[in-house]
Amino acid sequence: MYINEHFLALPESYLFSEIARKVAAFEAENPQSAIIRLGIGDVTRPIVPTVIKALHAAVDEMAQASTFRGYGPEQGYLFLRQTIVEHDFLSRNITLEPDEIFISDGAKSDTGNIGDLLDSQCVVAVTDPVYPVYIDSNVMAGRAGELHNGKWSRIQYLPCNEANQFIPSLPKSRPDVIYLCYPNNPTGTTLTRTQLKKWVDYARENDVLILFDAAYEAFVHDEEVPHSIYEIEGAKEVAIEFRSFSKTAGFTGLRCGYTIIPKAVKGKTHDGKRVALNPLWNRRQCTKFNGTAYIIQRAAEAVYTPQGQTEIQANIAYYLNNAHTIKHGLETAGYKVFGGENAPYVWMKTPDGMSSWDFFHHLLHTCQVVGTPGVGFGPCGEGYFRLTGFGDAQKTKEAIERIQTLKPSI
Ligand code: MLT
């Protein structure tokens, strides 16, 4: 039996597992330390009451023969797909059909699995720094080439840095697929509608597929910043969008997300035939996925009730306020800081030209604050560090007070 040797090319462990391992080792050696975790973007506020009520009711349905549910539709229940179409899209004048929505166990799975639809020779472009799932899943599929100095030889990197204000330029040569994540993980920066339109136009002119990760759209409050790529004319022909209830409604532990594959999005065969991606993904899901749990889909549906909306908005405001605390606190202390306005992530420049990992260890040892080294998201992340607004408000404040005592000289 030969293995898929592409796995051997991957870094030994996934970024967040590596951080967890380092923090656990530190904790074992320093059991008295009061660590504050602002590393992985995991939520801390409990599930809101309206959603909990819906979960309980759905659990009770499972206890009665008359309302019990077994396997659900692989694509998700119509009640949720319909609610999503109306609430997340029609309300923004975007028309989608329920069968263009696929409910899943989260955007991480879908952004990782979508590569099943791509030819093994497709050239992939990513913004740099980038959510590691996009890269690692392409490495596993053999599309990435070889790793040299932190870069995969067949992946196109689109640098995002201070010089371009974290707004990537269009690729110099045409890729087949571009991953975009806005609001951005990890930098917390955004694209305006005008800026995003350039990408949609480019994709239409060059027959490129955009994989648009909108997992953080709920944090957008600026009018200029789109919530969905389908707000841009023509995007339905070239873009697949990924959404998540994880950060929007605290579902990191419940697991629910969805992917939109408009019927107009097409790819081509080697003999030039145009093929719609929607039926291919449907076929993939029917084969490899048996649907998201009924009770979880009922919980997700409750997010869209007026009361559910009020409750989740309060949590989103809480996290945005944390992001503000981080951003403002670090700026006051003299650090260079980006993002954190329409996003839960704050991207800071490390002080004194320190490397991302040196700063990670420095913060852990001197302040017992955990963040994520920017270089873990790609070569352009070197010299940067990510902090998340998903922590407890009091602890976030304390973490920033601890960092403020370090006094940077940048
Ligand atoms: C992160 O910290 O970047 C997130 O937890 C990513 C994710 O949602 O998987």
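Every value quoted in this text rests on a predicted model; they were computed, and no experiment measured them.

Rules used throughout
Residues numbered from 1 in each chain as written. Predicted model: local features only at pLDDT ≥ 70, side-chain atom pairs only at ≥ 80, totals over all residues. Heavy atoms only, no water. Patch = residues over 30% accessible without salt bridge, like charges linked within 9 Å, V, L, I, M, F, W, Y side chains within 5 Å. Areas by Shrake-Rupley, 256 points an atom, 1.4 Å probe, with all protein chains shown as cover. Salt bridge = Lys/Arg side-chain N within 4 Å of Asp/Glu carboxyl O. Helix = DSSP H or I, 4+ residues; strand = E, 2+ residues; numbered from the N terminus. Buried < 20%, exposed > 50% of the residue type's maximum accessible area, 1.4 Å probe, protein only. Domains from an automatic or database assignment. Contact = heavy atoms within 4.5 Å. Buried area = accessible area lost by both parts, 1.4 Å probe. Polar contact = N/O pair within 3.5 Å; in protein donor to acceptor, adjacent residues only side chain to side chain. Nonpolar A, V, L, I, M, F, W, Y, C, P; charged D, E, K, R; others polar. Pairing = 2+ DSSP bridges. Axes fitted to C-alpha atoms, helices over the stretch in contact; angles between N-to-C directions. Expected span 1.5 Å × (residues − 1). Parallel < 35°, antiparallel > 145°, perpendicular 65-115°, else oblique. Left-handed = near helix turned anticlockwise from the far one by under 90°.

Participant: An account of a nonpolar patch on the surface is needed here, citing residue identities and associated values.
Facilitator: On the surface, a nonpolar cluster with roughly 410 Å² of combined accessible area is contributed by Met1, Ile3 and Leu8. Its location among the elements puts Met1 in the segment before helix H1 (6–9). Judged by relative accessible area, which is 88%, Met1 ranks as exposed.

Participant: Explain the domain arrangement of the chain residue by residue, including any values.
Facilitator: Each assigned domain of the chain is listed with its residue range as follows: domain 1 (5–46 + 308–404) and domain 2 (52–305). Look at where the C-alpha atoms of domain 1 and domain 2 centre, and you get two points 24 Å apart. Between domain 1 and domain 2, the residue contacts involve 36 residues of the former and 46 residues of the latter. Here domain 1 packs against domain 2, burying approximately 3300 Å² in sum over the two surfaces, 64% of which is carbon and sulfur. Ranking the residues of domain 1 by area buried against domain 2 places Tyr14, Asn342 and Phe377 at the top, with a combined share of 20%. Notably, a salt bridge pairs Lys336 with Glu162, separated by 3.0 Å at the nearest N-O pair. Linking domain 1 to domain 2 there are 15 residue pairs in polar contact (both at pLDDT 80 or more). For the side of domain 1 that touches domain 2, the elements supplying multiple residues, two or more each, are H1, helix H11 (306–332), strand E13 (337–339), strand E14 (345–349) and strand E17 (384–388). If one sorts the elements of the side of domain 1 that touches domain 2 by residue count, H11 sits on top with six residues. Residue composition of the side of domain 1 that touches domain 2, grouped by class: 21 nonpolar, 10 polar and five charged.

Participant: Lay out the sheet that holds E13 with the relevant residues and their values.
Facilitator: Consider a sheet: its strands pair through backbone hydrogen bonds, and that pairing is either parallel or antiparallel. Spatial strand order, E13-E14-E17-E16: four strands in an open sheet with antiparallel pairing. Each edge of the sheet is formed by a strand with only one pairing partner; in this case those strands are E13 and strand E16 (372–373). Direction of pairing for E13 relative to E14: antiparallel, over a ladder of three bridges. Across the sheet, Val337 pairs through a bridge with Met348, a residue of E14. This element, H11, spans E13, E14 and E17 of the sheet and lies at about 155 degrees to E13. Packing of helix H12 (residues 356–367) onto the sheet brings it into contact with E14, E16 and E17, and relative to E17 it is tilted by some 50 degrees.

Participant: Please give an account of the environment of Thr305 that cites residues and values.
Facilitator: Mapped onto the fold, Thr305 is located in the loop between helix H10 (294–303) and H11. Residue Thr305 is classed as partly exposed on the basis of its relative accessible area, which comes to 30%. For Thr305 and Ala393, which are 88 residues apart along the polypeptide, the C-alpha to C-alpha distance reads 26 Å. A distance of 2.7 Å separates a polar atom in the side chain of Thr305 from the backbone oxygen of Ala302.

Participant: Give a description of helix H4 (residues 78–89) that names residues and reports values.
Facilitator: Look at H4: 16 Å from first C-alpha to last across 12 residues, which is about the 16 Å you get at 1.5 Å a residue. Taken together, the buried positions of H4 are Phe79, Leu80, Arg81, Thr83, Ile84, Val85, Asp88 and Phe89.

Participant: How would you sum up the sheet that holds strand E8 (residues 209–213)? Please name residues and give values.
Facilitator: Spatial strand order, E2-E10-E9-E8-E7-E3-E6: seven strands in an open sheet with mixed pairing. Bordering the open sheet on either side are strand E2 (101–104) and strand E6 (155–159), each of which pairs with just one other strand. Pairs of neighbouring strands in the sheet enclose a mean axial angle of 20 degrees, with direction left out of account. Pairing between strand E3 (residues 124–128) and E6: five bridges, direction parallel. Note that in E6 the partner of Val124 across the bridge is Ile155. Here H4 sits on the sheet and contacts E2, strand E9 (239–244) and strand E10 (257–260); the angle it forms with E2, its principal contact strand, is near 115 degrees.

Participant: Give me the packing of helix H3 (residues 49–62) against H10: which residues, what numbers.
Facilitator: Between H3 and H10, the shortest axis-to-axis distance is 8 Å and the interhelical angle comes to 150 degrees. Viewed along their axes, H3 and H10 adopt a mutual orientation that is roughly antiparallel. Relative to H10, the crossing made by H3 is right-handed. Residues Thr50, Val51, Ala54, Leu55, Ala58, Val59, Glu61 and Met62 of H3 lie in contact with H10, whose contacting residues are Tyr294, Ile295, Ile296, Arg298, Ala299, Ala302 and Val303.

Participant: Can you tell me about the pattern of salt bridges, naming the residues and giving the values?
Facilitator: All told, the structure shown has 21 salt bridges when counted by the stated rule. Note that Asp176 and Arg174 form a salt bridge whose closest N and O atoms lie 3.0 Å from each other. Note that Glu341 is salt-bridged to Lys327, the shortest N-O span being 3.6 Å. With Glu341 in the loop between E13 and E14 and Lys327 in helix H11, the pair connects residues that are 14 residues apart, well separated along the chain. The class of Lys327 is buried, set by a relative accessible area of 11%.

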